[in-house]
Every structure is written in structure tokens, then in C-alpha cells.
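The chain contents come next:
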Amino acid sequence: MAATMKKGVAAEDVNVTFEDQQKINKFARNTNRMSELKDEIEAKKKSLQNLEDASEDLMMCEDDAMLIPYQIGDVFISHSQEETQEMLEAAKEALQDEIKALEGRVSSIQVVLGDLKIQLYAKFGNNINLEAEES
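For every chain, the first residue of the written sequence is number 1, and numbering continues from 1 along that sequence. This being a predicted model, a pLDDT of at least 70 is required before a residue's local features are given, and a value of 80 or more before pairs of side-chain atoms are given or counted; all residues contribute to the totals for chains, interfaces and linings. Hydrogens and water are ignored here; the side-chain numbers use all heavy atoms of the structure.

The protein is annotated in an unreviewed UniProt entry as Prefoldin subunit 4 of Phoxinus phoxinus. UniProt positions are given in the numbering used here, feature names are shortened, and annotations may be inferred rather than shown by experiment. The heading Sequence similarities (unreviewed entry) in the UniProt record of the protein holds the text "Belongs to the prefoldin subunit beta family." Regarding the protein, the relevant UniProt record gives this comment under Subunit (unreviewed entry): "Heterohexamer of two PFD-alpha type and four PFD-beta type subunits. Interacts with URI1; the interaction is phosphorylation-dependent and occurs in a growth-dependent manner."

A. Here's a closer look at the overall build of the protein. Only DSSP runs of H or I with at least four residues qualify as helices, and only runs of E with at least two residues qualify as strands; both kinds are numbered from the N terminus onward. Scanning the protein for helices and strands turns up 2 helices and 4 strands. Taken from the N to the C terminus, the helices and strands of the protein come in the order β-α-β-β-α-β. Accessibility here uses a 1.4 Å probe with only protein chains present; expressed as a share of the type maximum, an area under 20% marks a residue as buried, one over 50% as exposed, and anything in between as partly exposed. Taken across its 135 residues, the protein has 25% of its residues classed as buried. Note on contacts: a residue pair qualifies if any of its non-hydrogen atoms lie within 4.5 Å across the two residues. Contacts in the protein between residues at least 24 apart in sequence constitute 70% of all its contacts with a sequence separation of at least 6. Of the roughly 9,400 Å² that the protein leaves accessible, carbon and sulfur atoms contribute 51%. Here, Shrake-Rupley sampling with a 1.4 Å probe gives the accessible areas, and only protein chains in the shown set may cover a residue.

B. Summary view of the pairing of strand S2 (residues 68–72). Across 5 bridges, the pairing between S2 and strand S3 (residues 75–79) is antiparallel. Pairing of Ile68 across the sheet is with His79, part of S3. One requirement defines pairing of two strands: DSSP has to find at least two bridges between them.

C. View of the environment of Asp63. Here Asp63 lies in the loop between helix H1 (18–60) and S2. We classify Asp63 as partly exposed; its relative accessible area is 41%. Taking C-alpha positions, Asp63 is 8.6 Å from Gln81, a pair spaced 18 residues apart along the chain.

D. Here's a closer look at the side chain of Gln81. If you trace the backbone, Gln81 turns up in helix H2 (residues 81–124). Residue Gln81 is classed as buried on the basis of its relative accessible area, which comes to 12%. For Gln81, the side chain forms a polar contact with the main-chain oxygen of Leu58, separated by 2.8 Å. In contact with Gln81, other than residues within four places in its own chain, are Leu58, Met59, Cys61, Asp63, Asp64, Met66 and Ile68. We define a polar contact as two N or O atoms separated by no more than 3.5 Å, with the added condition that, inside protein, one atom must be a possible hydrogen donor and the other a possible acceptor, whereas residues neighbouring each other in sequence contribute only through side-chain atom pairs.

E. Region of the structure containing the packing of H1 against H2. H2 packs onto H1 with a crossing angle of 160 degrees between their chain directions and a minimal axis gap of 8 Å. With respect to H2, the axis of H1 lies roughly antiparallel. In this structure, H1 crosses over H2, and the sense of that crossing is left-handed. The classification used treats Ala, Val, Leu, Ile, Met, Phe, Trp, Tyr, Cys and Pro as nonpolar, Asp, Glu, Lys and Arg as charged, and all other residues, Gly among them, as polar. Partitioning the contact of H1 with H2 into residue classes produces 22 nonpolar, 10 polar and 16 charged. Here, axes are lines fitted to C-alpha atoms. For helices the fit covers the stretch in contact, and angles between N-to-C directions go from 0 to 180 degrees. Working definition: roughly parallel below 35 degrees, roughly antiparallel above 145 degrees, roughly perpendicular at 65 to 115 degrees, and oblique for all remaining angles. Here is the rule for handedness: rotate from the far helix to the near one, and if that takes an anticlockwise turn smaller than a right angle the crossing is left-handed, while a clockwise turn gives right-handed.

F. Spatial organisation of the side chain of Gln85. Relative to the helices and strands, Gln85 resides in helix H2. A distance of 2.5 Å separates polar atoms of two side chains, one belonging to Gln85 and the other to Ser55. When residues no more than four places from it in sequence are discounted, the contact partners of Gln85 are Ser55, Leu58 and Met59.

G. Focus on the pattern of salt bridges. Between Lys or Arg on one side and Asp or Glu on the other, a salt bridge is scored when a side-chain nitrogen of the former is within 4 Å of a carboxyl oxygen of the latter. Taken as a whole, this structure holds 6 salt bridges when the rule is applied. Here Glu98 makes a salt bridge to Lys44, at a shortest N to O gap of 2.7 Å. Separated by 54 residues along the polypeptide, Glu98 in helix H2 and Lys44 in helix H1 bring together distant segments of the chain. The closest approach of N and O atoms between Lys92 and Glu89, which form a salt bridge, is 3.1 Å. Taken as a pair, Lys92 and Glu89 lie in helix H2 at a separation of 3 residues, close to a single helical turn. Classification of Lys92 as buried rests on a relative accessible area of 12%. For Glu89, a relative accessible area of 29% puts it in the partly exposed group.

Okay, here's the thing in C-alpha cells:
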């Protein structure tokens, strides 16, 4: 994956110490975690878009007296249009907060990865590849 030693002619033989291996392992763990967080962010953004679409559709509804089914867990509960709109807004705000928190975690992981890259490239130079593989 991300941290692999390059094969072939090495400009110099560099011994991999236990501490170096720990840094490589930490880099790989953080890279995987960041990938998982980015996937989670995308899923939450899709859910947020669905809530925004539902909110827009609800605004187009002309019958204010009509009860709107709103899913809570596995059950649909009918609410007035105003109550449903309030619940959608609360759900959107909660999702936006979750997305911001996840993006903050991704940013902190990127800082750690940047620091590890500097340390590992300083020691191993071109003998190590820490770039993400494009798939």
C-alpha cells in the first residue's frame, strides 16, 4: 500500500530500525484511517443531500394540513409539515456538524502523515514510496 520499500538498485543500504518500522506502520495505519474517514464523509454528504432534497420537496407541498411521514429508526411517524421541516433542519445541522468533525480529524491525520513523510523520506530518500496508489 502506501509505505513500500523500492526494489532494485539502491543508492545506499539503509538499515531499517525498529523505530523506523514503527513510523512506517503508523503511516500505513493513518493512511487507512484517513481513507475510511473520507468514505464516511462522502456517505454523510450523500445523506445530507438527501435531506436537503426532502426539505425542498416538502416546501413545494401546497397542503399544509397534510401529515408527512418521517422515518425514525425503522418506523414512520406522521407529523405536520412544519414539524417535519423542523426535524429535517435539525437532522441537517447534526449531519453538518458530524461532517465538520470528520473533516477536522482528516486534517489532523494529514498533519501527522506530512510529518512522518518528512522523517521517512529524510532517512530513506528514494528507497521508500509513501505516495497513495491511485486506483
